[in-house]
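Analysis of the macromolecular model
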Amino acid sequence: MSLYPERTIAELKELRELTADGNGAQRVAWTDTWLQAREWFQSKIKGLPVKHHYDAAGNSWTTLAGASERTLIIGGHLDSVPNGGWLDGCLDFLAGLEVLRRFSEEYAGRPPLTIRLVDWADEEGARFGRSLLGSSAFAGTSSIAADRVRTDRDGIRLEDAVARCGFPIDRFPDATREQKNAAAYIELHIEQGPVLESMELPLGVVLGTKGVERHAITFFGQEAHSGSTPMNARHDALAAAAKLALEIRTIAGKHKDAVCTMGSVKTFPGIVTAVVGRCETTLDQRDLDAGILAGMYREAQEASQRFAREEKCTVEWSRIWSIEPIAFHPALLGFCEEAVREVAGTAHGLPSGPLHDAAEVARAGIPTVMMFVQSLRGISHNKIEDTREEHLAMAVQALDRLASKTARWILA
Ligand SMILES: [Zn+2]
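Residues numbered from 1 in each chain as written. Predicted model: local features only at pLDDT ≥ 70, side-chain atom pairs only at ≥ 80, totals over all residues. Heavy atoms only, no water.

Turning to the pairing of strand 5 (residues 71-76), a few remarks are in order. Most of strand 5 is tucked away: 6 of the 6 residues are buried. Neither face of strand 5 is left uncovered, since the one carrying Thr71, Ile73 and Gly75 and the one carrying Leu72, Ile74 and Gly76 both have all their residues buried. Note on the crossover from strand 5 through helix 3 (residues 90-106) to strand 6 (residues 114-119): the handedness is right-handed. Summarising the sheet, strand 5 and strand 7 (residues 182-190) pair through 5 bridges and their orientation is parallel. Note that in strand 7 the partner of Ile73 across the bridge is Tyr185. (Buried < 20%, exposed > 50% of the residue type's maximum accessible area, 1.4 Å probe, protein only. Helix = DSSP H or I, 4+ residues; strand = E, 2+ residues; numbered from the N terminus. Right-handed = clockwise from strand over helix to strand, strands pointing away. Pairing = 2+ DSSP bridges.)

The following block contains the structure:
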């Protein structure tokens with residue numbers, strides 16, 4: 001066996017050395033540091049019997065051609081958030097590189113099926129607020145008209161930033177061509193949450209990515225003087241919003257993996273001497289089950305109306321964004337469970353709260369599965385993001401086993 005997980009760990013450190021500063025990783029997509037990371041990757045595939053190209057949306061493809069054109073894709077992303085960690089995205093990608101090397105060596109450069117390694121462009125959406133940009137172009141779910149005019153903090157438009165890197169946005173839809181011959185997609189990722197650590201498990205099987213309902217909710221009351229307005233005569237928009245902020249705990253609490261978050265509250269006029277006349281809030285609800293998600297959305301709406309009435313206010317909802325839950329492929333889930341069990345002893349299944357490129361690939365109809373490795377303290381998108389090195393090594397081994405099992409299934 002020619003799999004060297006310690007090489008993956010060494011390469012992760014090398015990349016950190018090259019692209020992080022005192023505040024963490026700085027590989028924000030479409031920036032020079034990101035381009036530098038991609039350039040560095042080129043030095044890693046020199047000498048391997050592979051072909052490399054960028055697709056129309058800037059996704060980086062490394063192809064090890066096999067006897068069959070049927071293709072197993074292994075993916076990750078080299079881009080990071082500003083002040084990011086050393087593992088998010090690049091662990092998946094560099095572990096995939098190690099698996100590709102193993103296939104190449106075991107089959108003297110020509111495995112029975114084709115193996116492709118993809119570095120998705122702009123998974124994080126850190127600069128323009130548009131996550132999964134490259135993988136959604138691949139899946140054919142991207143929204144060019146809405147995306148091109150997005151701007152970063154300096155007012156630079158997304159379409160100009162991607163063109164500067166050589167990828168005009170009008171050609172992004174051509175990235176769907178890369179779906180040709182794709183038989184399965186696998187992705188390893190750090191959990192970015194506390195579940196595996198709390199269960200003392202190094203690895204987990206990702207059942208799917210949770211669906212999201214994201215709404216703006218505004219309560220309307222009556223601005224009034226804080227000194228002269230008796231308590232029972234108030235139309236306090238904040239009081240109604242506050243009741244909802246507590247109620248969503250009960251709504252989510254009825255379901256094992258559901259989460260509900262009110263992450264933003266703005267009050268108007270927002271001064272110390274006025275009852276709040278208008279309160280703008282946001283609600284983000286997630287679950288792996290579409291029925292549960294729809295039920296939580298309904299319950300939150302009903303609760304908001306009840307609290308608005310109680311506080312003599314009114315309430316309005318408007319949807320910001322939503323995506324359906326995506327369950328991963330049953331056969332691949334089985335292989336992932338076997339791989340995790342073989343390497344770690346026990347296999348626990350858990351949903352992913354964050355979205356990943358794998359969700360877009362699954363939306364394209366390609367059988368997909370993900371594996372998680374434990375995150376220390378559950379922290380990510382931060383320079384203190386970390387995972388024990390022995391767990392990283394186990395993750396590379398388990399990904400390799402998952403790749404072999406999936407390859408046999410593809411060829412069967
Ligand atoms: Zn990531």
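In this structure the tally under the stated criterion is 11 aromatic pairs. Between Trp30 and Phe167, the ring centres sit 6.4 Å apart and the planes meet at 65°, which makes this aromatic pair edge-to-face. Of the two residues, Trp30 sits in the loop between strand 2 (24-25) and helix 2 (32-45) while Phe167 sits in the loop between helix 6 (158-164) and strand 7, which places them 137 residues apart along the sequence. The buried category is assigned to Trp30, whose relative accessible area is 1%. (Phe/Tyr/Trp six-rings, centres within 6.5 Å; stacked < 30°, edge-to-face > 60°.)

Mapped onto the secondary structure, Ile169 falls in the loop between helix 6 and strand 7. Judged by its relative accessible area of 3%, Ile169 falls in the buried class. Linking Ile169 and Gly334, residues 165 residues apart in sequence, is a C-alpha distance of 38 Å. Aside from chain neighbours lying at most four places away, what touches Ile169 is Ile144, Asp147, Arg148, Leu158, Glu159 and Val162. (Contact = heavy atoms within 4.5 Å.)

Note on soluble globular proteins: their nonpolar side chains tend to be buried together. With 80 residues, the main nonpolar core has Leu72, Ile186 and Phe328 as its most contacted residues. The residues touching Leu72, leaving out its near neighbours within four places in the chain, are Leu113, Thr114, Ile115, Arg116, Ala184, Ile186, Ala403, Thr406 and Ile410. Ala237, Leu244, Ala258 and Met296 belong to the second largest nonpolar core, which has 25 residues in total. (Core = buried A, V, L, I, M, F, W, Y, C linked by side-chain atoms within 4.5 Å.)

Oppositely charged side chains can pair when the atoms bearing their charge come close. For the structure shown, the criterion picks out 33 salt bridges. Among the ionic pairs, Glu98 bridges to Arg101, the shortest N-O distance being 2.8 Å. Placement of both Glu98 and Arg101 in helix 3 is noted, with a separation of 3 residues, approximately one turn of the helix. Note on Glu98: relative accessible area 0%, which makes it buried. The closest approach of N and O atoms between Lys254 and Glu299, which form a salt bridge, is 2.4 Å. Highlighted residues: Lys254 in the loop between helix 8 (237-253) and strand 11 (259-261) and Glu299 in helix 9 (residues 290-310), separated in sequence by 45 residues. Owing to a relative accessible area of 53%, Lys254 belongs among the exposed residues under this scheme. (Salt bridge = Lys/Arg side-chain N within 4 Å of Asp/Glu carboxyl O.)

Here the zinc ion is held by the protein donor atoms His77 (NE2), Asp88 (OD) and His189 (NE2), which lie 2.0 to 2.2 Å from it. Read from N- to C-terminus, the donor residues coordinating the zinc ion fall into the pattern H-x10-D-x100-H. Of this pair, His77 sits in the loop between strand 5 and helix 3 while His189 sits in strand 7, and the two are 112 residues apart along the sequence. With a relative accessible area of 0%, His77 lands in the buried category. (Donors = N, O, S within 2.8 Å, 3.2 Å for Na, K, Ca; no water.)

What follows deals with the packing of helix 3 against helix 12 (residues 389-411). Contact geometry for helix 3 and helix 12: axes closest at 9 Å, N-to-C directions at 55°. Viewed along their axes, helix 3 and helix 12 adopt a mutual orientation that is oblique. The handedness of the crossing between helix 3 and helix 12 is right-handed. On helix 12, the residues that touch Leu91, Ala95, Gly96, Glu98, Val99, Arg102 and Phe103 of helix 3 are Leu392, Val396, Leu399, Asp400, Ala403, Ser404 and Ala407. By residue class, the composition of the contact of helix 3 with helix 12 is 9 nonpolar, 2 polar and 3 charged. (Axes fitted to C-alpha atoms, helices over the stretch in contact; angles between N-to-C directions. Parallel < 35°, antiparallel > 145°, perpendicular 65-115°, else oblique. Left-handed = near helix turned anticlockwise from the far one by under 90°. Nonpolar A, V, L, I, M, F, W, Y, C, P; charged D, E, K, R; others polar.)

A word on the packing of helix 2 against helix 3. One can describe the packing of helix 2 onto helix 3 by two numbers: an axis separation of 12 Å at closest approach and a directional angle of 15°. Judged by the angle between their axes, helix 2 and helix 3 are roughly parallel. Considering how the two elements wind past one another, helix 2 and helix 3 form a crossing that is right-handed. Across from Trp40, Phe41, Lys44 and Ile45 in helix 2, the residues of helix 3 making contact are Phe93, Leu94, Leu97 and Arg101. For the contact of helix 2 with helix 3, the residue count by class is 6 nonpolar, no polar and 2 charged.

With that out of the way, let us pick up the environment of Asp152. Examined against the element boundaries, Asp152 turns out to sit in the loop between helix 5 (144-148) and helix 6. Note on Asp152: relative accessible area 10%, which makes it buried. Setting aside chain neighbours within four positions, we find Asp152 in contact with Arg127 and Phe128. Of the polar contacts made by the side chain of Asp152, one reaches the side chain of Arg127; its length is 2.9 Å. (Polar contact = N/O pair within 3.5 Å; in protein donor to acceptor, adjacent residues only side chain to side chain.)

The next point concerns helix 10 (residues 330-344). Taking 1.5 Å per residue as the helical rise, helix 10 with its 15 residues ought to reach 21 Å, and the 21 Å between its terminal C-alpha atoms agrees with that figure. Of all the positions in helix 10, only Leu332, Leu333, Phe335, Cys336, Ala339, Val340 and Val343 are classed as buried. All buried residues of helix 10 project into a common sector of 160° when viewed along the axis, lining one side. Structurally, helix 10 contributes buried residues whose contacts are with strand 7, strand 8 (203-209), strand 18 (368-373) and helix 12. Within two residues after helix 10, Gly345 carries a phi angle of roughly 95°, on the positive side. (Expected span 1.5 Å × (residues − 1). Arc of directions from axis to C-beta.)

On to the side chain of Thr71, then. Inspection of the secondary structure assignment puts Thr71 in strand 5. A distance of 2.7 Å separates the side chain of Thr71 from the backbone oxygen of Glu69, its partner in a polar contact. For Thr71, the residues in contact, after removing those within four places along its chain, are Thr114, Arg116, Asn181, Ala182, Ala183, Ala184 and Ile410.

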